[in-house]
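Each chain is listed here by its residues.
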Amino acid sequence: MAVLKVKFTKTKRDKLAQILWILNWVSVVSGIILFSLGLFLKIEIKKRNEVMAKGDINSVPNMLISVGVIACIINFLGGKICYDCSDANKFSRWKLVMLPYIVCTFCFTFCILVGALMCYTMRNELEESLYLGLRDAIKFYKDTDIPGRCFLKRTVDLLQIGFRCCGNNGFRDWFEIQWVSPRYLNMASKEVLDRLKSNVDGKFLVDGVPFSCCNPSSPRPCIQYQLTNNSAHYNYDFLTEELNIWMKGCREALLDYYTGIMRSIGIAALLIWLFELSVLIGVRYLQTAMKNVLLLGDLEGESDGWLLENSFVETAKYNINIIKNLGKANQISTVSGMNDPNINVQNTDCDKTNITTKSIPAAR
């Protein structure tokens, strides 16, 4: 029994073909939107790839870009098919193409759904990439004289100012690394030498943060050095004072920023998927209705259209049997009594001379 069978008159078929023609052109625009969203996300990631570790974080924008391009091509072809389907004579040229087109479009719409879901499952990969990338960027913050790293100080400072964050997980990350370049250390100072000797690795560690961690909205001058030393500042208590530096870590700030972008892109992709699915359902109804018109032979009469010719269970069994029999088409039959023509072929012995020959009569 057909699934969701609908009866179509000629007028309804013509209107359905015209509506689908318009919707396919709207779908071309939706493909351009998908492409633009993927390109935007790729550019946003590339802007801060210096603080991101290499990984699969570009898989989502790459998929959105690919799906957007394919959407434009498929829907452009679908618009041409639906336009011709308003005429039964023109439909005959697309009769054998429409079913493969519907199958390919269904797979394509599934890719849109996968891309939308990936926008929500990318958070863990992005968080790990940001953690590793920011850790290395902060580690090499002081290397302003080393080629390949000299840009990291400026990158991290602009990042902390722009996103109002400090460190990787928080401002205490700066306590654990030497972020002051050795060129700015006075090696003749006893205090500097004592700090270098007190550390096992010989690093100059301080309980301070770079200037880019300071909150410019604070009424008090920024306290960026000796944060844990109450006696170093007037009327200051580290445990109760509201510090005038950014408290949020840059990993969390960037993760919130990209999560918001991907959540918006995911919603847009889901809406486009629903729209593409509705257009695909309409094309399926049009294809079955036009096919039945040709079978009935009355181009002006009514015809049935459906999503599936048989029930879901019967359709699933039929497709499973097709898949199972795919590999059997080229197998050699081994049934008893069936001989391979290439086996047991009698060979001609060219050395034997027992071939009967006829004598040629002598000429008179």
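Everything numeric in this text was worked out from a predicted model, so none of it was measured.

## What to know about the UniProt feature "transmembrane region" (unreviewed entry) in the chain
Taking the UniProt record as the reference, the feature "transmembrane region" (unreviewed entry) is found at residues 20-40, 60-78, 98-120 and 265-286. Here residues 60-78 is 100% helix and 0% strand, with 26 Å between the C-alpha atoms at its ends.

## Regarding the packing of helix H1 (residues 10-47) against helix H7 (residues 250-296)
H7 packs onto H1 with a crossing angle of 155° between their chain directions and a minimal axis gap of 9 Å. By the criterion of interaxial angle, the relationship of H1 to H7 is roughly antiparallel. Two packed elements cross with a definite hand, and for H1 against H7 that hand is left-handed. Grouping the constituent residues of the contact of H1 with H7 by class yields 27 nonpolar, four polar and three charged.

## A short note on the nonpolar core
Trp174 and Val209 are the most contacted members of the largest nonpolar core, which totals 79 residues. Those elements that place two or more of their residues in this core are H1, helix H2 (59-84), helix H3 (88-121), helix H4 (123-139), helix H5 (152-163), helix H6 (190-198) and H7. A total of 18 residues in this core trace back to one element, the largest contributor, which is H7. Setting aside its immediate chain neighbours within four residues, Trp174 contacts Ile138, Tyr141, Val156, Gln160, Cys166, Gly167, Trp179, Val206, Gly208, Val209, Pro210 and Cys213.

The rules behind each value
- Counting starts from 1 at the beginning of each chain's written sequence and moves along it residue by residue.
- At least 70 in pLDDT is required for a residue's local features to be given in this predicted model, at least 80 for side-chain atom pairs to be given and counted, and no such filter applies to totals for whole chains, interfaces and linings, which use all residues.
- Excluded from the side-chain calculations are hydrogens and water; all other atoms, namely the structure's heavy atoms, are used.
- UniProt positions are given in the numbering used here, feature names are shortened, and annotations may be inferred rather than shown by experiment.
- Runs of H or I in DSSP of at least four residues are treated as helices and runs of E of at least two as strands, each being numbered from the N terminus.
- Geometry is summarised by axes, namely lines fitted to C-alpha atoms with helices restricted to the contacting stretch, and by angles between N-to-C directions that run from 0 to 180 degrees.
- Comment on the angle field: the value is read as roughly parallel under 35 degrees, roughly antiparallel over 145, roughly perpendicular from 65 to 115, and oblique elsewhere.
- When the near helix sits turned anticlockwise from the far one by under a right angle, the crossing is termed left-handed; a clockwise turn instead gives a right-handed crossing.
- Throughout, the ten residues Ala, Val, Leu, Ile, Met, Phe, Trp, Tyr, Cys and Pro are labelled nonpolar, Asp, Glu, Lys and Arg are labelled charged, and all others, Gly among them, are labelled polar.
- Buried residues of nine kinds, namely Ala, Val, Leu, Ile, Met, Phe, Trp, Tyr and Cys, make up a nonpolar core once their side-chain atoms join them within 4.5 Å.
- The classification of residues rests on relative accessible area computed with a 1.4 Å probe and restricted to protein chains. Under 20% of the type maximum is buried, over 50% is exposed, and intermediate values are partly exposed.
- Throughout, a residue-residue contact means that at least one pair of heavy atoms, one from each residue, lies within 4.5 Å.

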